[in-house]
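Per-entry structural report
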Amino acid sequence: MKKLIYLTFVLAIFASCSTDVIINEETKVIDTGVNPDSWAVIPAGPFYYNMHAYAESIDYDYEMMITDVTNQQYADYLNEASAKGTITIKDGSIFSYHPGDPFDGYLHEWEIPAGDYLNMPFSEAGSHIKLVNGTFTVDKGFANHPVVMVTWFGAQAYANFYGYRLPTEKEWAKAARGTDLRAYPWGDEINKHYTNYGSSNNALKRLNGGNISRTTPVGYFNGTTYGDFETIDNRSPYGLYDMGGNVWQWLGDDYKNVHYRYMRGGSFTNYEYNLFVWARNSAGPDFYNINIGFRCARDVVKEEVPVEDAEEVETTDEVTE
């Protein structure tokens, strides 16, 4: 375990350009009008993968959340999971059981056996989720901001709890890029009006009354003008917000010969090139930071047609014929 913690500390260097924590526990409430409970269908088919645009294809439809998981969604999950006993709380941190990873004994690979692993150190600076009188609550104004300070184990536990999964790298890449050769989820240009990244900081500080600004609410860059700051709609071809910028997003792949996990999307601390649809980052599954969050994927949910309605449809078809 000591080796795992050491290596994740080293990899943390690559996960963030900044180690500053958020010092403001409240922020201005901003309603973006975007529903974080919404999902988008990503259709099966070919797409261009990674920087060299390899021809790839996914042979099934799937769905992804149109935004990152928010602080409020994660706090609600923690309250439900705590009631059901699927998480444990100890010394200001949350833990859950992980069945372990396949171990290949490869050079520099660390074994991750079955056991309880850190999900989130909610008592540390940078987290906007607190445990108050036995209930997980969110700092004022941060309810619709992406949850951060969550490890890969914590993201996976959330997905498992609701029957979802973390997207694979290929699922994420197609959802971000669509079927053309664009560099960013919204096209080929980037500036502070498109997304929250390193160069946006000054503009967002002004909106927040001069306080330190880190994350923005999910779906913030949707074409709305906030005060005198105009945003440009940054949705991907399939309607997903913030697939570039705001926070890195944990992915579900567990590759052979390595123990660490990958993430994509770039964050508010990063440069333009970190936000390319092919850019990736990695860290140990127990790593967390103020610029790492996640969103979920799932199989396509097909709405069941009530029996009475189904009969009516059949009758109508017969009449039409």
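In short, a report on the structure.

Calculation rules
- Residues numbered from 1 in each chain as written.
- Predicted model: local features only at pLDDT ≥ 70, side-chain atom pairs only at ≥ 80, totals over all residues.
- Heavy atoms only, no water.
- Buried < 20%, exposed > 50% of the residue type's maximum accessible area, 1.4 Å probe, protein only.
- Helix = DSSP H or I, 4+ residues; strand = E, 2+ residues; numbered from the N terminus.
- Contact = heavy atoms within 4.5 Å.
- Polar contact = N/O pair within 3.5 Å; in protein donor to acceptor, adjacent residues only side chain to side chain.
- Pairing = 2+ DSSP bridges.
- Axes fitted to C-alpha atoms, helices over the stretch in contact; angles between N-to-C directions.
- Expected span 1.5 Å × (residues − 1).
- Phe/Tyr/Trp six-rings, centres within 6.5 Å; stacked < 30°, edge-to-face > 60°.
- Lys NZ or Arg CZ within 6 Å of the ring centre and 35° of its normal.
- Parallel < 35°, antiparallel > 145°, perpendicular 65-115°, else oblique.
- Nonpolar A, V, L, I, M, F, W, Y, C, P; charged D, E, K, R; others polar.
- Salt bridge = Lys/Arg side-chain N within 4 Å of Asp/Glu carboxyl O.
- Core = buried A, V, L, I, M, F, W, Y, C linked by side-chain atoms within 4.5 Å.

**What about helix α3 (residues 152–161)?**
Because an α-helix completes one turn every 3.6 residues, residues spaced three or four positions apart along the sequence face the same direction. The element α3 is largely enclosed, with a buried count of seven among its ten residues. Those residues of α3 hidden inside the fold are in contact with α2 (71–84), β6 (93–98), β7 (115–120), β12 (248–250) and β13 (261–264). Where α3 begins, the side chain of T151 points an oxygen toward the backbone nitrogen of F153, at a separation of 3.3 Å. Among the residues trailing α3, G163 stands out with phi positive, at a value near 80°.

**Regarding the sheet that holds strand β5 (residues 87–90)**
What the three strands build is an open sheet, ordered β5-β6-β7; its pairing is antiparallel. Each of the sheet's edge strands pairs with one partner strand only, and the pair in question is β5 and β7. Taking the axes of each pair of neighbouring strands and ignoring which way they run, one obtains an average angle of 40° across the sheet. The sheet contact formed by β6 and β7 spans five bridges and is antiparallel. Each bridged residue has a counterpart across the sheet, and for Y97 the counterpart in β7 is D116. Where α2 meets the sheet, its contacts fall on β5, β6 and β7, and the angle it forms with β5 comes to roughly 100°. Where α3 meets the sheet, its contacts fall on β6 and β7, and the angle it forms with β7 comes to roughly 95°.

**A word on α2**
Counted at 1.5 Å a residue, the expected span for α2 with its 14 residues is 20 Å, and the 20 Å between its end C-alpha atoms agrees. Just past α2, the residue G85 takes up positive phi, approximately 75°.

**Points about the pairing of β5**
Note that β5 and β6 share four bridges and pair antiparallel. Bridging across to β6, K90 finds its partner in S93. Counting the residues between successive antiparallel strands, the hairpin from β5 to β6 contains two residues, one of them, D91, with a positive phi of roughly 50°.

**Some words on the environment of T215**
Note that T215 resides in the loop between α5 (201–207) and β10 (225–226). As for T215 and N291, which are separated by 76 residues in sequence, their C-alpha atoms are 7.7 Å apart. With near-sequence residues (within four places) excluded, T215 lies in contact with F142, H145, P146, V148, N196, N246, V247, F268 and I290. Polar contacts involving the side chain of T215 include one to the side chain of H145, which spans 2.8 Å.

**Notes on the packing of aromatic side chains**
According to the stated counting rule, one finds 26 aromatic pairs in the structure shown. Judged by centre distance (5.1 Å) and plane angle (40°), the ring pair of Y184 and F276 falls under tilted. Of this pair, Y184 sits in the loop between α4 (169–177) and α5 while F276 is found in the loop between β13 and β14 (280–283), placing the two residues 92 residues apart along the sequence. On the accessibility criterion, Y184 (4% relative accessible area) is buried. Here the aromatic cluster, defined as three or more aromatic residues joined through ring pairs, consists of W39, Y74, Y77, Y158, F161, Y162, Y164 and F294. The ring of W39 has R298 lying over it, and the distance from NZ or CZ to the ring centre is 4.0 Å.

**Concerning the packing of α2 against α3**
At a minimum axis distance of 11 Å, the contact between α2 and α3 shows a crossing angle of 70°. When the interaxial angle is binned, α2 and α3 end up roughly perpendicular. In this structure, α2 contributes Q73, Y74, Y77, E80, A81 and K84 to the contact, and α3 contributes G154, A155, A157, Y158 and F161. A class-by-class count of the residues in the contact of α2 with α3 yields seven nonpolar, two polar and two charged.

**Observations concerning the sheet that holds β12**
Within the open sheet, the four strands sit side by side as β14-β13-β12-β15. Their pairing is mixed. Lying at the two open borders of the sheet, with one neighbouring strand each, are β14 and β15 (292–293). Where β12 and β15 come together, two bridges link them in parallel fashion. Across the sheet, the residue bridging to Q249 is G293, located in β15.

**Here's the deal with the pattern of salt bridges**
Counting across every chain of the model gives 13 salt bridges. Put simply, D104 and K256 hold a salt bridge, and the shortest N to O gap is 3.3 Å. One end of the pair, D104, is in the loop between β6 and β7; the other, K256, is in the loop between β12 and β13, and 152 residues separate them in sequence. For K256, a relative accessible area of 61% gives the class exposed. Between R235 and D233 there is a salt bridge, with the nearest N and O atoms lying 2.7 Å from each other.

**Let's talk about the nonpolar core**
By size, the foremost hydrophobic cluster in this structure holds 35 residues, and its most contacted members are Y74, I129, W250 and F294. The set of elements that each furnish at least two residues to this core consists of α2, β7, β9 (135–138), α3 and β12. Looking at this core element by element, the count peaks at six residues for α3. Apart from residues no more than four positions distant in its own chain, F294 is found in contact with D68, V69, Y74, V147, V150, A155, Y158, L166, W248, Q249 and W250. If you look at the next biggest cluster of nonpolar residues, it comprises 21 residues, including I42, M64, L240 and Y262.

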